[in-house]
Amino acid sequence: MMKKRMIVEKLLRLRRAGDRSSLIFNLPIIVDPPIQYSSLTIQNQNQNLSCSSSLKPTCLFASLTHRFLSSSTSTQNEDDHQDSLQSDDEETTDGWEEEDEVDPEVGDGGDGGGVVLQCCSWGERALSIAHQVLLLRADSDDIKLFAFKTTPRGYVYVRLDKLSHKYGCPGMKELESFSQEYKKRLDEVGALGEIPDDLALEVSSPGAERILKVPDDLSRFKDMPMRVCYVDEESDCINNGVFLLESVEMDSDKCVWKLADVKENRDVQSKGRPMNRKQKDWRLNLPFEMHRMFCHPSFFLSSSLVIKLVSSMALPGVHTDRGELRVHESLEELSTDLVDYIAELSEASVKERGVFAIALSGGSLIGLMGKLCEAPYSKTVDWAKWYIFWADECVVAKNHADSNYKLAKDGLLSKVPIVPSHVHSINDSLSAEEAADEYGFVIRQLVKTRMVSVSDISDCPKFDLILLGMGTDGHVASLFPDHSVLEEKEEWVTFITDSPKPPPERITFTLPVINSASNVAVVVTGENKAEAVHLAIDDMGADDCCPSLPSRLVQPTKGKLVWFLDKPAASKLKSLEFSSE
Ligand SMILES: O=C(O)[C@H](O)[C@@H](O)[C@H](O)[C@H](O)COP(=O)(O)O
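Residues numbered from 1 in each chain as written. Predicted model: local features only at pLDDT ≥ 70, side-chain atom pairs only at ≥ 80, totals over all residues. Heavy atoms only, no water.

The name that an unreviewed UniProt entry assigns to the protein chain is 6-phosphogluconolactonase, with the source organism given as Acer saccharum. In the Pathway (unreviewed entry) part of its UniProt record, the protein chain is described as follows: "Carbohydrate degradation; pentose phosphate pathway; D-ribulose 5-phosphate from D-glucose 6-phosphate (oxidative stage): step 2/3." Listed under Catalytic activity (unreviewed entry) in UniProt, the entry text for the protein chain is "6-phospho-D-glucono-1,5-lactone + H2O = 6-phospho-D-gluconate + H(+)". (UniProt positions renumbered as here; feature names shortened; annotations may be inferred.)

As structure tokens, this is what we get:
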């Protein structure tokens with residue numbers, strides 16, 4: 001009788017660490033954080049399994065899993081091999097061992113790290129093979145074993161750590177290459193009879209909420225908010241909260257923590273405003289031994305501090321008088337957050353009004369919106385309900401390199417099913433003055449039919465969203481510093497013929513229109529904008545030196561203002577000093 005090895009290469013699940021409930025086969029998703037939602041194709045023997053997600057991840061750096069399930073059958077021959085590859089639909093969890101839903105503990109061989117062999121006689125051998133495979137990799141200095149577990153039923157669970165990754169998460173390709181090589185070695189040794197020849201293998205990354213060891217892991221994750229479980233000396237109760245590490249004092253074996261400015265630490269009465277001074281100044285001095293296992297109050301760990309990393313994406317933006325600040329580690333993260341934000345506003349607006357009136361600008365903004373052309377947004381956004389406008393436009397031909405219309409058309413509009421008649425660009429055959437007049441007229445007609453809503457405190461149009469960039473001089477739309485255009489109170493759309501930034505002729509929404517919008521987002525990236533960002537956002541006290549900086553004049557009367565910044569652009573912000581950064 002010939003033995004047949006059936007390999008099901010699978011999985012691909014998006015889960016938060018510790019969430020074992022939807023363990024396998026439920027979600028045909030492959031994700032490679034932090035690039036979310038994108039479709040990824042992997043080669044499985046002769047098959048392509050192409051899976052993409054239409055679901056929203058709950059966590060940016062969800063763990064990834066890669067599984068091989070091997071089983072021995074005695075009736076089929078090798079030629080049948082491909083036929084017996086299971087399809088997604090056929091898969092059930094009965095092919096895989098279900099784990100108990102338990103909270104992770106330090107050294108549990110799962111999200112708590114460590115090695116757990118559970119009396120498997122072959123466990124040590126399987127572990128040494130895993131070490132060998134890791135050592136032979138070109139990136140052996142970077143990819144390490146985080147956890148290893150074997151079970152008596154022949155399952156091997158490997159969690160890999162990536163030292164150079166902010167959250168310690170290897171990508172799908174790294175998991176896949178390790179898993180394939182490791183599986184091959186296990187098979188070879190299995191064929192020699194040294195270990196069972198039908199082991200099942202799961203290789204994954206630890207999730208964001210891995211448990212950290214104290215003090216060993218602290219310096220590595222010191223910039224991240226962490227959930228700390230500790231014993232409150234006064235009440236002798238177990239508490240937990242989200243903190244930022246201020247220092248580790250090795251001489252006295254203690255950590256000093258400060259509260260992270262996250263929602264759960266804010267006063268519920270304060271409606272999402274930042275923490276008050278008292279909260280910001282409060283410090284938790286915690287000896288190492290005063291930490292206990294979360295969810296296991298009776299389990300005392302003398303040398304392990306139980307801390308879970310908290311996703312930076314889970315941090316709400318910092319709320320200031322100048323709007324919400326969303327500061328991102330990378331352009332990739334910023335872009336993901338921005339398109340999520342746009343998609344959410346679109347959905348809300350379509351639900352409420354049946355349409356979504358959005359005004360664009362030029363510059364790098366459009367590139368950062370590029371993910372809207374990809375799954376899932378390309379399919380989930382109700383493009384037919386979008387009405388597109390420009391907050392400013394250069395008075396040039398539509399095919400001119402300076403045309404904001406051309407920029408948006410090439411980068412976005414031509415790639416999604418927008419209704420052409422809903423795209424309202426300026427008439428490029430007119431003078432700047434005429435084009436501004438006509439554009440104002442067009443908007444007026446759409447306000448009449450309520451395709452564009454109207455402000456209830458002025459007669460201005462109320463766009464659902466106005467997206468702005470900002471120049472190093474603090475200009476937004478084509479509202480430049482010290483320009484008389486800032487004084488325009490009557491017109492909705494006006495023009496300039498002396499723009500300090502070429503080309504000289506432009507049309508622009510006026511401040512009253514921008515400030516009447518339901519939502520305004522200003523997207524600013526790069527260190528060269530840091531000073532302008534500081535001047536636009538920070539509280540300047542009594543000596544406000546820049547009261548008429550255009551970006552500072554963006555102050556929606558009733559709407560919501562959000563700043564999407566990358567770290568370099570936010571680097572001079574005082575408003576962030578006591579935030580989670
Ligand atoms: O009309 C223009 O000249 C540009 O559209 C300009 O206003 C741009 O939006 C800002 O300068 C920010 O651009 P970046 O984000 O590319 O720096």
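S.K.: So what's going on with the overall build of the protein chain? Residues and values would help.
M.R.: Looking only at helices and strands, the protein chain features eleven helices and 25 strands. Pairs at least 24 apart in sequence give 71% of the contacts found in the protein chain among residues at least 6 apart. Of the roughly 25500 Å² of accessible surface on the protein chain, a fraction of 49% belongs to carbon and sulfur atoms. (Helix = DSSP H or I, 4+ residues; strand = E, 2+ residues; numbered from the N terminus. Contact = heavy atoms within 4.5 Å. Areas by Shrake-Rupley, 256 points an atom, 1.4 Å probe, with all protein chains shown as cover.)

S.K.: Any chance you could break down the pairing of strand 21 (residues 465-469) for me, citing the residues and the numbers?
M.R.: Most of strand 21 sits out of view: four of its five residues are buried. Across two bridges, strand 16 (residues 356-360) lies against strand 21 in parallel orientation. Its bridge partner lying in strand 21, Ala359 is registered against Ile466. In this sheet, strand 24 (residues 519-524) lies alongside strand 21 in parallel orientation, the contact comprising four bridges. When the bridges of strand 24 are listed, Ile466 appears paired with Val520. (Buried < 20%, exposed > 50% of the residue type's maximum accessible area, 1.4 Å probe, protein only. Pairing = 2+ DSSP bridges.)

S.K.: How would you sum up the pairing of strand 23 (residues 506-509)? Please name residues and give values.
M.R.: Where burial is concerned, the two faces of strand 23 agree: the one with Arg506 and Thr508 and the one with Ile507 and Phe509 are both buried. With four bridges joining them, strand 22 (residues 493-496) and strand 23 adopt antiparallel strand pairing. Bridging across to strand 23, Thr494 finds its partner in Thr508.

S.K.: With reference to specific residues and values, describe the nonpolar core.
M.R.: Counting residues in hydrophobic clusters, the biggest one holds 91 residues, and the most contacted among them are Ile342, Phe389, Phe463 and Phe509. Counting residues per element, this core draws most heavily on helix 4 (residues 331-353), at eight residues. Residues within four places of Phe463 in sequence aside, it is in contact with Ala357, Ala359, Phe389, Ile443, Val452, Phe509, Val513, Ala517, Ser518 and Asn519. (Core = buried A, V, L, I, M, F, W, Y, C linked by side-chain atoms within 4.5 Å.)

S.K.: Give a detailed account of the sheet that holds strand 22, specifying residues and quantitative values.
M.R.: With antiparallel pairing, the three strands of this open sheet are ordered in space as 18-23-22. At either margin of the open sheet sits one strand with a lone partner, and together these are strand 18 (392-394) and strand 22. Recorded for the sheet is a direction-independent mean angle of 20° between the axes of neighbouring strands. Along the sheet, helix 8 (residues 432-448) contacts strand 22 and strand 23; its crossing angle with strand 22, the most-contacted strand, is approximately 165°. (Axes fitted to C-alpha atoms, helices over the stretch in contact; angles between N-to-C directions.)

S.K.: With reference to specific residues and values, describe the pattern of salt bridges.
M.R.: Scanning all chains against the criterion turns up 20 salt bridges. Between Asp161 and Arg220 there is a salt bridge; the shortest N-O distance is 2.8 Å. Placement of Asp161 in strand 7 (residues 155-162) and of Arg220 in the loop between strand 8 (200-204) and strand 9 (226-232) is noted, with a sequence separation of 59 residues between them. Residue Asp161 is classed as buried on the basis of its relative accessible area, which comes to 7%. Lys254 serves as the salt-bridge partner of Glu249, at 3.8 Å between the closest nitrogen and oxygen. Classification of Glu249 as partly exposed rests on a relative accessible area of 30%. Because the salt bridges share partners, they merge into one network encompassing Glu324, Arg326, Asp337 and Lys560. (Salt bridge = Lys/Arg side-chain N within 4 Å of Asp/Glu carboxyl O.)

S.K.: With reference to specific residues and values, describe the side chain of His424.
M.R.: Along the chain, the position of His424 falls in the loop between helix 7 (404-411) and helix 8. Overall, the relative accessible area of 15% leaves His424 in the buried class. For His424, the residues in contact, after removing those within four places along its chain, are Tyr387, Ile388, Phe389, Trp390, Tyr439, Val442 and Leu446.

S.K.: Pulling in residues and values, what's your account of the confidence of the model for the protein chain?
M.R.: Taken over all residues, the pLDDT of the protein chain has a mean of 77, while the share at 70 or more is 74%. Confidence drops under a pLDDT of 50 for residues 1-63, and excluding neighbours within four residues, the segment shows 195 contacts in the predicted structure. What the predictor reports for the complex is a pTM of 0.52 with an ipTM of 0.97. (pLDDT = per-residue confidence, 0-100.)

S.K.: So what's going on with the site of the ligand? Residues and values would help.
M.R.: Contacts to the ligand come from Gly362, Gly363, Ser364, Asp392, Asn404, Met470, Gly471, His475, Ala477, Lys501, Arg506 and Lys529. One nitrogen or oxygen atom from the main chain of Gly363 is found 3.5 Å from an oxygen atom belonging to the ligand. Measuring from an oxygen atom of the ligand, one finds a side-chain N or O atom of His475 at 2.8 Å. When isolated, the ligand has an accessible area of 420 Å², and the protein chains bury 83% of it. Split into classes, the residues belonging to the shell around the ligand amount to two nonpolar, six polar and four charged. (Near = heavy atom within 4 Å. Polar contact = N/O pair within 3.5 Å; in protein donor to acceptor, adjacent residues only side chain to side chain. Nonpolar A, V, L, I, M, F, W, Y, C, P; charged D, E, K, R; others polar.)

S.K.: Kindly report on the sheet that holds strand 16, identifying the contributing residues and their values.
M.R.: Here seven strands make up an open sheet; going across it, the order is 14-15-25-24-21-16-17 and the pairing mixed. Only two strands of the sheet have a single neighbouring strand rather than two, namely strand 14 (318-320) and strand 17 (386-390). Geometrically, the sheet is characterised by an average inter-axis angle of 20° between neighbouring strands, direction not taken into account. Helix 10 (residues 530-537) rests against strand 14, strand 15 (323-328), strand 24 and strand 25 (560-566) of the sheet, and its axis sits at about 155° to strand 25.

S.K.: Any chance you could break down helix 8 for me, citing the residues and the numbers?
M.R.: Taking 1.5 Å of rise per residue, the 17 residues of helix 8 would be expected to cover 24 Å, and the 24 Å separating its terminal C-alpha atoms lies within 8% of that figure. For helix 8, the secondary structure elements touched by its buried residues are strand 17, strand 19 (453-454), strand 20 (461-462), strand 22 and strand 23. In the stretch just after helix 8, Arg450 is the one whose phi turns positive, near 65°. (Expected span 1.5 Å × (residues − 1).)

S.K.: So what's going on with a negative patch on the surface? Which residues, and what values?
M.R.: On the surface, a cluster of negative charge is contributed by Glu433, Glu434, Asp437, Glu438, Asp459, Glu490 and Glu491. With respect to the helices and strands, the residue Asp459 is situated in the loop between strand 19 and strand 20. Look at Asp459 and you get exposed, because its relative accessible area is 52%. (Patch = residues over 30% accessible without salt bridge, like charges linked within 9 Å, V, L, I, M, F, W, Y side chains within 5 Å. Lys, Arg positive; Asp, Glu negative; His and termini not counted. Charge placed at Lys NZ, Arg CZ, Asp CG, Glu CD.)

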